[in-house]
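What follows is each chain in one-letter form.
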Amino acid sequence: MHTLTTVRYGQGPTPFGFGIIGWTKQGIVMLHLQQTANPQPQDVLATDFPDCTLARDDKEAKAYLGQVFQISKSEHSQPRLTLAMSGSPFQLKVWQALRDIPFGQVRSYGALAESLGHPGAARAVGTAIAANQLAYLVPCHRVVRATGETGQFRWGAALKVQMLAWEAHQLAVSNADR
């Protein structure tokens, strides 16, 4: 459960449509990628942070979203922003492992479970991934099935494919600039 008092939030453009981002003094607490049927940002946050005061700031949200999707051409990665993740010890371990997957690369659920020292726990890893509140920042889109199929994604399977293609394009542009 979150022990935060005030969550500032807003929405703005991303390479994948509008995003809803929430943050506190401790860091970013959520980033959702809006789909057409999604509720309003305050409704998403009220559900996820029921005991918090919400303060809307679209201007700062747009600045945060700009940082999230600013790609470092020299490192082929996005900037490391401060995240305030809340979850079980296993979830936090899985989410950190996701952050360690290099930009533009993918891992299978099984390979991720094995890297965590839990071979055979691919389903548990998948459950932890599904609880991720930080789209793109905790790059659950980089986990695919062992067959290479992209599989499901909290924000839609088509968006997962689009995100992987976008990262591949960013790498290709960066490599061409060298």
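Note on numbering: residues in each chain are counted from 1, in written sequence order. Totals for whole chains, interfaces and linings use every residue, but because this is a predicted model, local features are given only for residues with pLDDT of at least 70 and side-chain atom pairs only at 80 or more, for both listing and counting. Only hydrogens and water are set aside; all other atoms, that is, all heavy atoms of the structure, feed into the side-chain values.

### Overview of the packing of aromatic side chains
Under the pairing criterion, centres of Phe, Tyr and Trp rings, with the six-membered ring standing for Trp, must be within 6.5 Å; the plane angle then separates stacked pairs below 30 degrees from edge-to-face pairs above 60, leaving the rest tilted. Enumeration according to the criterion identifies eight aromatic pairs in this entry. When the centroid spacing of 5.3 Å and the interplanar angle of 80 degrees are considered together, the rings of Phe16 and Trp166 count as edge-to-face. In this pair, Phe16 sits in the loop between β1 (6-14) and β2 (17-24) while Trp166 sits in helix α6 (residues 157-176), placing the two residues 150 residues apart along the sequence. Across this residue pair, the class does not change: Phe16 and Trp166 are buried. Pairwise contacts between aromatic rings join Phe16, Phe69, Tyr136 and Trp166 into one cluster. Here a helix means four or more residues in a row that DSSP labels H or I, a strand means two or more in a row labelled E, and each is numbered from the N terminus. For the exposure calls, accessible area comes from a 1.4 Å probe over protein chains only, and a residue counts as buried if that area is under 20% of its type's maximum, exposed if over 50%, partly exposed in between.

### Brief notes about the sheet that holds β2
Strands were regarded as paired on the criterion that DSSP finds at least two bridges between them. Taken in spatial order, the four strands line up as β3-β2-β1-β4 in an open sheet, and their pairing is mixed. Across the chains shown, the open sheet's two edge strands, defined by having one partner strand only, are β3 (27-33) and β4 (53-56). Each strand of the sheet is rotated relative to its neighbour by a mean of 25 degrees, with strand direction disregarded. Judged from the seven bridges that link them, β1 and β2 form a sheet pairing that is antiparallel. By the bridge assignment for β2, Gly10 is matched with Ile21. Axis definition: a line fitted to C-alpha atoms, limited for helices to the stretch in contact. Angles are taken between N-to-C directions and run from 0 to 180 degrees.

### Thoughts on helix α5 (residues 122-130)
Those residues of α5 not exposed but buried are Val125, Ala128 and Ile129. Across the axial projection of α5, the buried residues extend over an arc of 100 degrees, all falling on one side. For α5, the exposed residues lying more than 90 degrees away from the buried face are Arg123 and Thr127. Residue contacts follow a heavy-atom distance rule, with two residues in contact if any of their heavy atoms lie within 4.5 Å. Residues of α5 that are buried sit in contact with α3 (89-99), α4 (109-115) and β6 (143-144). Picture the helix axis, draw a direction to every C-beta atom, and the arc is the one those directions span.

### Quick look at the nonpolar core
Generally speaking, nonpolar side chains in soluble globular proteins are found buried as a group. For this analysis, a nonpolar core means a set of buried residues of the types Ala, Val, Leu, Ile, Met, Phe, Trp, Tyr and Cys, connected via side-chain atoms within 4.5 Å. Counting residues in hydrophobic clusters, the biggest one holds 40 residues, and the most contacted among them are Ile21, Ile28, Val94, Leu98, Leu112 and Ile129. Put simply, the parts of the chain that give this core at least two residues each are β2, β3, α2 (58-68), α3, α4, α5 and α6. If we skip the residues at most four places from it in the chain, Ile28 touches Ile21, Gly22, Trp23, Tyr64, Leu81, Thr82, Leu83, Ala84, Leu134 and Leu137. Residues Tyr9, Val29, Phe49 and Ala84 belong to the second largest nonpolar core, which totals ten residues.

### So, the pattern of salt bridges
Pairs can form between side chains of opposite charge whenever their charged atoms are close. We define a salt bridge as a side-chain nitrogen of Lys or Arg found within 4 Å of a carboxyl oxygen belonging to Asp or Glu. Counted by the stated rule, this structure contains five salt bridges. Note that Arg8 is salt-bridged to Glu60, the shortest N-O span being 2.6 Å. With Arg8 in strand β1 and Glu60 in helix α2, this pair connects stretches of sequence that are 52 residues apart. Residue class for Arg8 comes out partly exposed when judged on its relative accessible area of 30%. Assessed through its relative accessible area of 27%, Glu60 is described here as partly exposed. Glu167 is paired through a salt bridge with Arg142; the nearest N and O atoms lie 2.8 Å apart. Separated by 25 residues along the polypeptide, Glu167 in helix α6 and Arg142 in the loop between α5 and β6 bring together distant segments of the chain.

### Considerations on unusual backbone geometry
Leaving glycine aside, a negative phi is the common case for residues, and trans is the common case for peptide bonds. Although it is not a glycine, Tyr136 adopts a positive phi angle of roughly 65 degrees. Along the chain, Tyr136 turns up in the loop between α5 and β6.

### Structural notes on the side chain of Arg99
For Arg99, the location among the structural elements is in helix α3. For this analysis, a polar contact is any N or O atom pair within 3.5 Å, provided that within protein one partner can donate a hydrogen and the other can accept it, and provided that sequence-adjacent residues contribute only side-chain to side-chain pairs. A distance of 3.5 Å separates a polar atom in the side chain of Arg99 from the backbone oxygen of Leu137. Ignoring any residue separated from it by four or fewer positions in sequence, one finds Arg99 in contact with Arg80, Leu81, Leu83, Leu137, Val138 and Pro139.

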